[in-house]
Each structure stands twice: as C-alpha cells, then as structure tokens.
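Listed here are the chains, written in short residue letters.
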Amino acid sequence: MSDTWIVVVVVSVVTIAIKALGPMLLGGRPLPDGITGVVVLLAPALLAALVTVNTVGGDRELVVDARLPGVLAAALAIRLRAPVLVVVLVAAAVTAIIRAVSG
Amino acid sequence: MSDAARPERTHRDGVRAVAPLAVAVVGFGISYGVLARAAGMGLVAPIVMSMATFAGSSQFAAASILDAGGTVAASVTAAVLLNARYAPIGVSVAPSLSGSWWSRFLHAQLVVDETWAVAAEGEGRFNPRVLVGAGLTLYAAWVLGTVMGVTFGDVIGDPDRLGLDAAFPALFLALLVPQLTNRRAVEAAVLGAAIALALTPFTPAGAPIIAASAACLLGLRRSPDEEPSA
C-alpha cells in the first residue's frame, strides 16, 4: 500500500473512532451533574480558540494578514445584528479586497 | 437562550443555518483537492479521504505534510491531533443522541465544528435533526469541493483570493457571541482564546485547540453568586 493510502486509511479510521466514542459509550444518557457544568463551557472555550487560530494562526507562528481585518469587520457586522450570511460574506469580501489591493 | 415556547427546530433549520457556509466549504474542499493533487495523492485517495474523514483541517494538515516530504507518521499524527477535539465534543453531544447504536454512530460522524455549534440549544443540549440537516449539507459541499479541486483545480485557481479562509473564523465568531450569556461562558471563551494564542507559536497545529478545551474546566468551580442562565 502506498504512503498516501496508509495516511488516508489510518486517519479516516481513527477519526471515525474518535467521533463515535462519546455517542457510542454514553449515548442518550444524561451526563453526571458535575460534568454538565464543564461540558456547557466547552462551546465558548472551543469556539473562541477556533476564532483565534483561524484568524491569526500560521505554521507554528502567529500571522497578521488580511484575515484579521476581515474578522474584525465580521465582529462589527455581528455588533450591528447582521444575519450570519452577511457576517460571513463581509469577512470574505473585506479579506478578498485587501488581498486584491495589496497584490 | 432556550425558550420552551419556541417551536422545535427541524432538519430544514439545520440546512438553513449552514447554508451561508456551504459555499465557503466548497471553496475549502477545492483548495484541499488542489493541495492533495499537488502533494501527489492522486485523484481517488483525496476524494475517499473527504468521504470517510469529513474533517477538513486535519485533511489539509495531512496533505501539506506529505507535500512537504514529511513521513507517514508525521502526517497521521498531525491529522489525529487536529481531530482529538472531537472526543470531548462527542461527549457533549452524547446525551442528546438516543436510539440504536448505529444511529448514534452515524449521527456522530456528522459532527464537525460548524454542525456542532449550530445544533447547540444551550444548557448542554443539542438538536439531532439540526445536526443531520447541517451535517449532510456540509458533507455534500465538502465532497463536491474535493472532487472539483482534484479534477479541475488548476482552472479555478486559489480560493484564498476570494477571502474564503476568513469566512470560517467569522462564522465561529457569529456562533460564539450568542453563547456568551453569563460570566462563566465569557471567562471560558477568554481563557480558551488565550490558551490557543499562547500555544500556537510553540506546538503543532491542533494542539492549541485541544489545550483550549481545558478552559471548560472552569465549570468545576462553585460560584454561588452566579445568576442561573435562562
């Protein structure tokens, strides 16, 4: 089997298993009280990390590029209560325009 | 946030919630297809990977490491590290998924960051129908994009030109803000962002996001003064 196919098969099988783990073992049962308090904070913690990494994350470095003004414009759109579609479009448009202008 | 009077959301609401992102996901899939092709992964393997893995950032990482001449072990490790967050995410979704083991298994496969976030109903509950609607929409977009990328990526050019890479953090931000309904959630978000920011220069991709999930341990603290979030 070629290197490519080893990567494809191993990554796919492991990812499927990771995703299935919680729902297969714990599915349909409420989590213990102490755990619920922790799990409800997972969304804000992970979403904030995803915003950060996708805005200024590079390959083992922090990179300030056209993504940052795009996301700041999105933040303004959210502040003005724009619908999600508009928020996403504003971010892409601002980033694209800055890239086009800066060549 | 949750409101008993609000009509229950359906599959259609899931489709609608991620529709703005579907175009960006197609673009992201195209970039993956182009990169995978350039990395010498061929025509079929990248498509099979998108169909089986359905986790974009990890596939990108795996392909970029192969492209840079990295080893199979390095490529697999990076991808698995990036997907490790789906273990705690899976635990958070688990109580909302009832039904047979294979139904739970299939629902679990449709969980990606975006579908998980739009399916959240507050108080740790998730709507399985919204998850399926959103999941199938983005799955179709992801696989379609990959097919387009590997087959005629050269004609399309670089999707980053269109600013599509900024669409993802914008969506995550739009999903984060409504979650910030109490002090604890704000603290968890600030801490999560700070951890990710601090670790990014020093750790392989994926590690900062997994480490940031530790910010949810703030939930172990007792705070009698906190108002119940409604």
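Residues numbered from 1 in each chain as written. Chains lettered and ligands numbered in written order. Predicted model: local features only at pLDDT ≥ 70, side-chain atom pairs only at ≥ 80, totals over all residues.

With respect to the overall build of chain A
Inference 1: Assigned secondary structure in chain A consists of 5 helices and 0 strands.
Inference 2: From first element to last, N terminus to C terminus, chain A shows the α and β order α-α-α-α-α.
Inference 3: In terms of C-alpha radius of gyration, chain A reaches 20 Å, well past the compact-globule figure of 13 Å for 103 residues.
Inference 4: When the 103 residues of chain A are sorted by exposure, 47% land in the buried category. (Helix = DSSP H or I, 4+ residues; strand = E, 2+ residues; numbered from the N terminus. Rg over C-alpha atoms; globule rule 2.2 N^0.38 Å. Buried ≥ 20, exposed ≤ 12 C-beta atoms within 10 Å, placed from the backbone.)

Structural notes on the overall build of chain B
Inference 1: From N to C terminus, chain B includes 11 helices and 0 strands.
Inference 2: Written out in order from the N terminus, the α and β elements of chain B read α-α-α-α-α-α-α-α-α-α-α.
Inference 3: With respect to the three principal axes, the spread of C-alpha positions in chain B is 55 × 40 × 35 Å.
Inference 4: When the 230 residues of chain B are sorted by exposure, 53% land in the buried category.
Inference 5: Partitioning the intrachain contacts of chain B with sequence separation of at least 6 by distance along the chain shows that 73% fall at a separation of at least 24. (Contact = placed C-beta atoms within 7 Å.)

Some words on the nonpolar core
Inference 1: Judged by nonpolar contacts, the single largest core of 105 residues is most densely connected at Ala45(A), Ala49(A), Val88(A), Ala91(A), Ala167(B) and Ala170(B).
Inference 2: For this core, the element with the highest residue contribution is helix α1 (residues 11-38) of chain B, accounting for 12 residues.
Inference 3: With sequence-adjacent residues up to four places away left out, Ala49(A) is seen in contact with Gly192(B), Ala193(B), Ile195(B), Ala196(B), Pro208(B), Ile209(B) and Ala212(B). (Core = buried A, V, L, I, M, F, W, Y, C linked by C-beta atoms within 7 Å.)

Here we look at the interface of chain A and chain B
Inference 1: With 66 residues of chain A at the interface, the matching set in chain B holds 86 residues.
Inference 2: Contributing elements (two or more residues each) for the side of chain A that touches chain B: α1 (3-26), α2 (33-39), α3 (42-56), α4 (67-79) and α5 (84-101) of chain A.
Inference 3: Among the elements that line the side of chain A that touches chain B, the one with the most residues is α1(A), at 20 residues.

Things to note about the confidence of the model for chain A
Inference 1: Per-residue pLDDT for chain A has a mean of 90; in total, 100% of the residues score no lower than 70.
Inference 2: Confidence, expressed as mean pLDDT per element, reaches its minimum in chain A at α2(A) with 79 and its maximum at α4(A) with 97. (pLDDT = per-residue confidence, 0-100.)

Quick look at the confidence of the model for chain B
Inference 1: On average, chain B scores 86 in pLDDT, and the residues at 70 or more come to 91%.
Inference 2: This complex was scored by the predictor with a pTM of 0.78 and an ipTM of 0.87.

Notes on the environment of Val76(B)
Inference 1: Within the fold, Val76(B) resides in helix α4 (residues 72-83).
Inference 2: Between the alpha carbons of Val76(B) and Pro169(B) there is a distance of 25 Å; along the sequence they are 93 residues apart.
Inference 3: Filtering out sequence-adjacent residues up to four positions away, Val76(B) remains in contact with Val7(A), Val10(A) and Val11(A).

Focus: unusual backbone geometry
Inference 1: The residue Arg81(A) is not glycine, and still its phi comes out positive at about 60 degrees.
Inference 2: You can call Arg81(A) exposed: it has 8 C-beta atoms within 10 Å.
Inference 3: A positive phi angle, near 50 degrees, is found at Phe54(B), a position not held by glycine.
Inference 4: Residue position: Phe54(B) is located in the loop between α2 (44-53) and α3 (56-67).

Some thoughts on the packing of α1(A) against α2(B)
Inference 1: Viewed as axis vectors pointing N to C, α1(A) and α2(B) meet at an angle of 5 degrees, and their least axial separation amounts to 9 Å. In terms of axis orientation, α1(A) runs roughly parallel to α2(B). Residues Thr4(A), Trp5(A), Val8(A), Val11(A), Ser12(A) and Thr15(A) of α1(A) touch α2(B), and the partners they reach there are Ala45(B), Val48(B), Met49(B), Ala52(B) and Thr53(B).
Inference 2: The residue makeup of the contact of α1(A) with α2(B), split by class, is 7 nonpolar, 4 polar and no charged. (Axes fitted to C-alpha atoms, helices over the stretch in contact; angles between N-to-C directions. Parallel < 35°, antiparallel > 145°, perpendicular 65-115°, else oblique. Nonpolar A, V, L, I, M, F, W, Y, C, P; charged D, E, K, R; others polar.)

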